[in-house]
Amino acid sequence: MNTPHVVILGAGFGGLNAARQLAKVPVRITLIDRQNYHLFQPLLYQVAIARLLPSEIAYPLRTIYRRQKNLTFQMGEVTGINFDQRYVKLDGSIIAYDYLIIAVGAETNFFGMQAIQENGFQLKDIQSAIQTRNHLLKMFEQASREADPEKRRSLLTFVVVGGGPTGVETGGALAELISQVMVKDYPSLDLNEARVVLLEANDHLITAYPHELRHATFDLLYRKRVDILLNARLADYKGEVVTLKDDRQIPAHTLIWTAGVKAAEVVESLNVERASAGRVKVEPTLQLPGYPEVLVIGDAAFLPDENGQPLPMLSTVAIQQGNHAAQNIRRMIDGRQLKPFHYKDPGLLATIGHNAAVARIWGVSFSGFIAWLIWVFLHIYRLIGFRNRLLMFVNWTWDYLFRENQVRLISKE
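Residues numbered from 1 in each chain as written. Predicted model: local features only at pLDDT ≥ 70, side-chain atom pairs only at ≥ 80, totals over all residues. Heavy atoms only, no water.

Undergrad: For the pattern of salt bridges, give the residues involved together with the corresponding values.
TA: This structure, assessed with the given rule, holds 15 salt bridges. Where glutamate 77 meets arginine 34, a salt bridge forms, and the shortest distance between an N and an O atom there is 3.1 Å. Placement of glutamate 77 in the loop between strand E5 (71-75) and strand E6 (78-82) and of arginine 34 in the loop between strand E2 (28-33) and strand E3 (37-39) is noted, with a sequence separation of 43 residues between them. Taking the relative accessible area as the measure of exposure, glutamate 77 reaches 34% and is therefore partly exposed. Measuring nitrogen to oxygen at the nearest pair gives 4.0 Å for the salt bridge that ties glutamate 107 to lysine 262. Placement of glutamate 107 in strand E10 (residues 106-108) and of lysine 262 in strand E19 (residues 261-263) is noted, with a sequence separation of 155 residues between them. Lysine 262 gets classed as partly exposed once you look at its relative accessible area, which sits at 23%. Salt bridges here are not isolated pairs; linked through shared partners, they connect Arg51, Glu176 and Lys224. (Salt bridge = Lys/Arg side-chain N within 4 Å of Asp/Glu carboxyl O. Helix = DSSP H or I, 4+ residues; strand = E, 2+ residues; numbered from the N terminus. Buried < 20%, exposed > 50% of the residue type's maximum accessible area, 1.4 Å probe, protein only.)

Structure (structure tokens):
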């Protein structure tokens, strides 16, 4: 009973790695998540464009930690945290802790635009990705029997909002789905009418990337016939017409929102100081101010880097912070001084489709086939489970050789 109890909220990249780092530490761990699996979120868009199955990017948590004897997993929804009395509310029950790691991740930020949230699609979890996939496939089915040319063009117009990594990857993948796969499935349908539109509110794509990679991304998307509209701010969308702030309108039955994220909903209920995107301000050691036994990591944490800029909401940040939080908990248990967190940037990667990606590694920027190969092998390596890695390798190889997606199924949601 004297063994310290560590509670970890969230089994994303941060929580997953924190739990692993504590495997040989004399603590009891309770890992809590609303789902019973770890999800590789960066590849959700490939589920949405019917390139991968959900089971290929998710892995059961109880299987991951089957051999970790000091960990117990509980599936449930956290409804509150009492920092003063050190307990977590979970679906009506209470779990006390000695140390708490908050790694609850992020959710889609629609910036208060209710119409977009109700009529658009997002890529934040398996359910939303499957819903998007079903909708995309239904658009082609409806277009194949639509006699009105204007209505058919609107059915075949796909608008992606947000020019960040997820937006450019989704736009490029959609364009390839049309030009390489759907042309074979719908030989009687003139898919020259199909249009992929990428909207970005700024004057360039992938803002966080160097200048040369922004231009390379623009060129790669242009070659894939993606219409890129810069300085284009979304005003409204009711399901059939996309309206921009400058009153331009785009008839479209599909809008995929990738333009923003914010800290998960449970963070909003906490009486703590927050910064942009609702993220919790933390100390350099990742501790919550006033509560040294609580550490906040990943997308939920706001921490400036050496240049005063907030660390990005990326999986690489969450992974490193998960490892660091576990190490600092061990230091607290041993009575040693805690160390501040310093992010080691592993580089930047984004894929625009077959043989097309942009990368910056070790200070060198490049694009094309080599960048794409690095992206492929890095993502396969970071997947959980040998089975998923093997399936991913086989499916991507098949897709690369034959330009043939395997999972174009309209299923129940």
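There's plenty left to go through after this.
Undergrad: Go over the sheet that holds strand E15 (residues 234-237) with me, naming the residues and quoting the values.
TA: Spatially, E15-E16-E17 is the arrangement adopted by the three strands of the open sheet, whose pairing is antiparallel. The sheet is open, and its two edges are formed by E15 and strand E17 (249-251), each paired on a single side. Recorded for the sheet is a direction-independent mean angle of 20° between the axes of neighbouring strands. Taken together, the three bridges between E15 and strand E16 (residues 241-244) define a ladder with antiparallel strand orientation. Bridge pairing links leucine 234 to leucine 244 in E16. (Pairing = 2+ DSSP bridges. Axes fitted to C-alpha atoms, helices over the stretch in contact; angles between N-to-C directions.)

Undergrad: Tell me about unusual backbone geometry, and name the residues and values.
TA: Backbone geometry at aspartate 91 places phi at a positive 50°, although glycine is not the residue there. Turning to its location among the elements, aspartate 91 is positioned in the loop between strand E7 (87-90) and strand E8 (93-96). Aspartate 91 sits in the exposed class, given a relative accessible area of 51%. At phenylalanine 111, a position not held by glycine, the phi torsion is positive, near 55°. Turning to its location among the elements, phenylalanine 111 is positioned in the loop between E10 and helix H4 (114-119).

Undergrad: Explain the sheet that holds E8 residue by residue, including any values.
TA: Hydrogen bonds along the backbone pair up the strands of a sheet, which may run parallel or antiparallel. Reading across from one edge, E6-E7-E8 is the order of the three strands in this open sheet, with antiparallel pairing throughout. Unpaired on one side and paired on the other, E6 and E8 mark the two borders of the sheet. This sheet shows a mean twist of 20° between the axes of neighbouring strands, independent of strand direction. Pairing of E6 with E7, which is carried by four bridges, proceeds in the antiparallel orientation. Along E7, the bridge assignment pairs asparagine 82 with tyrosine 87.

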